[in-house]
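Chain by chain, the residues run as shown.
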Amino acid sequence: MALGTMLKAPLLLLGLLTEGLAQLAIPASVPRGFWALPENLTVVEGASVELRCGVSTPGSAVQWAKDGLLLGPDPRIPGFPRYRLEGDPARGEFHLHIEACDLSDDAEYECQVGRSEMGPELVSPRVILSVLVPPKLLYLTPEAGTMVTWVAGQEYVVSCLSGDAKPAPDITILLSGRTISDISANMNEGSQQKLFTVEATARVTPQSSDNGQLLVCEASSPALEAPIKASFTVNVLFPPGPPVIEWPGLDEGHVRAGQSLELPCVAQGGNPLATLQWLKNGQPVSTAWGTEHTQAVARSVLVMTVRPEDHGARLSCEAHNSVSAGTQERSIMLQVTFPPSAITILGSASQVENKNVTLSCVSKSSRPRVLLRWWLGWRQLLPMEETIMDGLHGGYISMSNLTFLARREDNGLTLTCEAFSEAFTKETFKKSLTLNIKYPAQKLWIEGAPEGQKLRAGTRVRLVCLAIGGNPEPSLTWYKDSRTVTESRLPQEPRRMQLGNVEKSGSTFSRELVLVTGPSDNQAKFTCKAGQLSASTQLAVQFPPTNVTILANASALRPGDALNLTCISVSSNPPVNLSWDKEGERLEGLAALPRRAPFRGSAAARSVLLQVSSRDHGQRVTCRAHSAELRETVSSFYRLNVLYRPEFLGEQVLVVTAVEQGEALLPVSVSANPAPEAFNWTFRGYRLSPAGGPRHRILSSGALHLWNVTRADDGLYQLHCQNSEGTAEALLRLDVHYAPTIRALQDPTEVNVGGSVDIVCTVDANPILPGMFSWERLGEDEEDQSLDDMEKISKGPTGRLRIHQAKLAQAGAYQCIVDNGVAPPARGLVRLVVRFAPQVEHPTPLTKVAAAGDSTSSATLHCRARGVPNIVFTWTKNGVPLDLQDPRYTEHTYHQGGVHSSLLTIANVSAAQDYALFTCTATNPLGSDQTNIQLVSISRPDPPSGLKVVSLTPHSVELEWKPGFDGGLPQRFYIRYEALGTPGFHYVDVLPPQATTFTLTGLQPSTRYKVWLLASNALGDSGLADKGTQLPITTPGLDQPSGEPEDQLPTEPPAGVSGKTEAESEDRVRNEYEESQWTGEQDTRSSTVSTTEAEPYYRSLRDFSPQLPPTQEEVSYSRGFTGEDEDMAFPGHLYDEVERTYPPSGAWGPLYDEVQMSPWDLRWPEDAYQDPRGIYDRVAGDLDTLEPDSLPFELRGHLV
């Protein structure tokens, strides 16, 4: 029974119960007091539903009850957010509306009307709201969505479990679209009351046709519009079909040897597809196969070349896969046809004429058998006997025997054995031999040089031996004096004899013997033999001496010994004359009588007597054997070996030059026999180790090799040579050249202005050259580097640069350069210090410093001067020497090269006592100079000056000016301008306040303007800049190029306040003892300087903080000058004299911004100083507010 039928009974029972309850709760007619009653309803979970209730007495209180629980008359039904009463209560409509029904809403409901004046208490019949819950999930085992592998024909169990549902769902299981009949189901209670789950189990037996199909579990329910499903894919394994061999052609199994056979084997179906292999006689021969999944076919092709041994072989193709019960096989038996692989003729084809020749012809195994026949040339011969035998691989062997008489005319003919068969009509198998019938030669003779003809040694002679007829061909062997002639020789010997091969021309045979005649060929007999035949000839050869030998009566000679030499000529034809010479000098000797010698020649001898010396060692004494008839000479020499003690040769080098840190080789040119046993070198009484050292090595030639040579190695080296005959000595000098080193250079070199001085440079160098000294002056300009007005003097290791009538312009850095040709040249730096009287800087005729006179502020007065030697400063107030013992006065003096500074600090400034004229006097042994500084009260700023135009555009103008004294308070600037023809002034504030350049915008093209500049501080405004002079400006038109103005000049002329010349200014900068480093950059932000001639020079304490010079340890030696001679470097602080009454260096930050003063800018640097340590009292100008009323009373202009 299907699962759907099994589940219908519970559903029917549930339906009957629901229907019975409905009939029981609702009477046939509507009860009195209700015009609409609720009905039994069924709803799917999540849907909305409405239970109707219409009351005839609208004024009554109406509420609903759920399973006896009163929900209350409130239309919103508190506690039940999904419940509400719908309808118009005035019309008696009290419908219960439920949103998103769930299982908790499955209950009995009744509508109740309370008692009222309008009517009695009423209760509607009870109705049932049935909520249907669909199953949400299906749990399939095996797991849904997977690939499940089964074997065809085996039974498997599948289970499908539904989720919670109401009513219980109906489950169906399908495979390949077919419903599984063998299924059982169990209904169980769900996770909540009124919910059910169903578990269905099916037994499935898959078939091969189910492979790749889906197994589906479906669950249907009244709560579902369509069944829900879960499935998995079935992978059914099943065996392949039997293999099939596709034989090419009709005659299966019949093949021919040598044929290339391709046999396809195909197996249909199977999962997985079949695995194929080929076997030959049960042994695997191929395990390669391929598959075509679209056609479900496995294919394997056996490729083989058929051989005779394959006859009767059994070829099998096997197919199986992982689920095959066994191996399926298809076989074929091979029937191979093959010809004989070879034909063999047994017996010898060589025979003496007129004798019988017996041969046998045998074929290799063939299938079928072959027949044999004989041919001699084109004539067929009949065999004596034929035999058939069993062969290999099921074949047959054929044999034929033949006997015939050998004749001379048959020599060289071809004898053939031929095999044939009807099975091999297109092929012929043959074996041939060439008959060799033997018979002797008929005649033999020699052709060549006539006998008795004289031949000179070295002559090429050709002898030819000829013979007629004969088989085998005559060997024609040559003999010399009964010895066989061969070409065998040692590799180093010259090739004197060439023996040719036997050549044939028709029936004539020849062999050539070519030889270069030598002494051994004289009267020799040359014979040619062919079998029993022979022929001979004899040669007459003339030759020079075969060997010339010199014999001596002594081997070891010493100077003064006598030596007797004998020269022997071993053999020659004709006889020779002997003579002696020594290195080309002819010697007289004594000759001996000639005698017989080998090769039928004659021998000769001659002696000579010599007195030897050491000069004769190694010389050659030569003996010459001359043949006048042959016009040829043979020579031999004897080298004299004279033993003597070492002797130094004339080319011995006695002086060797080397460069320091380089290498030196002290050569040895010595002659000695035997060679010197030892070379001993001695330097300054010390013997150098023969084994070598860290910096020397004695070569095998005796030469001394030195490396990393130093000047200490310069000197005489003694060489001692020794051998077994005696000793010899020599002295060699090593001259070591080394780069110059400056030993003395007075730095600094001082001279008074107008005096004379020598800058002396003393060096250590080798060699000392006359022109090795040169001088340079270091400076940026070419004019600074000129030495035309100075005298250069050089003598030995000392060079001098003489300066007459020294000028300040000559002060600075000089460089002594010494180059003697050995790198590197030596360079020494020296400073020429020209001493001069103090020169106090006078930026303007008068200096002003502003400070509050309320006895609470401090003021610092600055005085800076240049001079050499160091300067002493003194101060006066209103012409009276200042008492520096007064605690209110503190002085700090600083010396840095030729620049000297004095800082006078006045504490608790009093208007009555300290507003005065202070004078600073600078003094050194050469003179003095002074300057005045006025201490004044805080006031309005001085007018700015130097207002000028930097650039112009049609709509803007860029202005630049010089700030004036700020009166001791922060000042700011503003610009007043007007356009000609337009009434009224325009005012513009300059931002930032301390700026000294500003771009005025908003102008009109081609318009004339007048511009004024003012300064102001907390005490008021200054006057107009440049004494109220206006700056006329005309803006360019739009079609005119913008840029710098051409015709508009500054409102003030260039201020020449110093009176110093340019040369004097440069002299001041260069004339310093040491490096003078200016650490600050020129800055125009401070408005403490007035550069007009009419205005005094002011300095405010507002932004000032002194910079202390660095201590001696802090100044870098390598930084050098940073002024005009910036490239020089000197030892620092040779003459620094700094009073150590102030805190350590750096306590107050930078003391000065040391920039060079030029004649047109002789003023203090205008940096805005800061006081990080705060050792100076703040003045009233440091207050932040700029409002006059907020200033202290004493700063409002009432003190002075």
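Note: the structure precedes this text.
Residues numbered from 1 in each chain as written. Predicted model: local features only at pLDDT ≥ 70, side-chain atom pairs only at ≥ 80, totals over all residues. Heavy atoms only, no water.

Topic: unusual backbone geometry
With an omega of 0°, the peptide bond between asparagine 271 and proline 272 qualifies as cis. Turning to its location among the elements, proline 272 is positioned in the loop between strand E23 (260-268) and strand E24 (275-280). The omega torsion of the bond from aspartate 747 to proline 748 falls at -5°, within 30 degrees of zero and hence cis. In this structure, proline 748 sits in the loop between strand E70 (726-745) and strand E71 (749-752). For serine 855, which is not a glycine, the phi torsion comes out positive at approximately 65°. (Helix = DSSP H or I, 4+ residues; strand = E, 2+ residues; numbered from the N terminus.)

Considerations on a nonpolar patch on the surface
A cluster of nonpolar side chains, contributed by Leu137, Tyr139 and Leu161, occupies part of the molecular surface with about 280 Å² of accessible area. On the secondary structure map, tyrosine 139 appears in strand E12 (residues 138-141). (Patch = residues over 30% accessible without salt bridge, like charges linked within 9 Å, V, L, I, M, F, W, Y side chains within 5 Å. Areas by Shrake-Rupley, 256 points an atom, 1.4 Å probe, with all protein chains shown as cover. Salt bridge = Lys/Arg side-chain N within 4 Å of Asp/Glu carboxyl O.)

Focus: the pairing of strand E76 (residues 812-818)
With seven of its seven residues buried, E76 lies for the most part within the structure. Both E76 and strand E77 (residues 826-840) contribute to a ladder of seven bridges, which runs antiparallel. Following the sheet pairing, glycine 812 is matched in E77 by leucine 832. (Buried < 20%, exposed > 50% of the residue type's maximum accessible area, 1.4 Å probe, protein only. Pairing = 2+ DSSP bridges.)

Things to note about the sheet that holds strand E29 (residues 328-333)
Here four strands make up an open sheet; going across it, the order is E25-E24-E28-E29 and the pairing antiparallel. Each of the sheet's edge strands pairs with one partner strand only, and the pair in question is strand E25 (283-286) and E29. For this sheet the average axis-to-axis angle between neighbouring strands, irrespective of direction, equals 30°. Here three bridges tie E24 to E25, and the two strands are oriented antiparallel to one another. Bridge assignment links tryptophan 278 to a residue of E25, and that residue is serine 286. (Axes fitted to C-alpha atoms, helices over the stretch in contact; angles between N-to-C directions.)

Remarks on the environment of arginine 84
Examined against the element boundaries, arginine 84 turns out to sit in strand E7 (residues 83-86). Separated by eleven residues in the primary sequence, arginine 84 and histidine 95 have C-alpha atoms spaced 8.3 Å apart. With sequence-adjacent residues up to four places away left out, arginine 84 is seen in contact with Pro75, Ile77, His95, Leu96, His97 and Glu99. Side chain to side chain, arginine 84 and glutamate 86 meet in a polar contact 2.2 Å long. (Contact = heavy atoms within 4.5 Å. Polar contact = N/O pair within 3.5 Å; in protein donor to acceptor, adjacent residues only side chain to side chain.)

Purely geometric stuff here, so don't read any function into it on its own.
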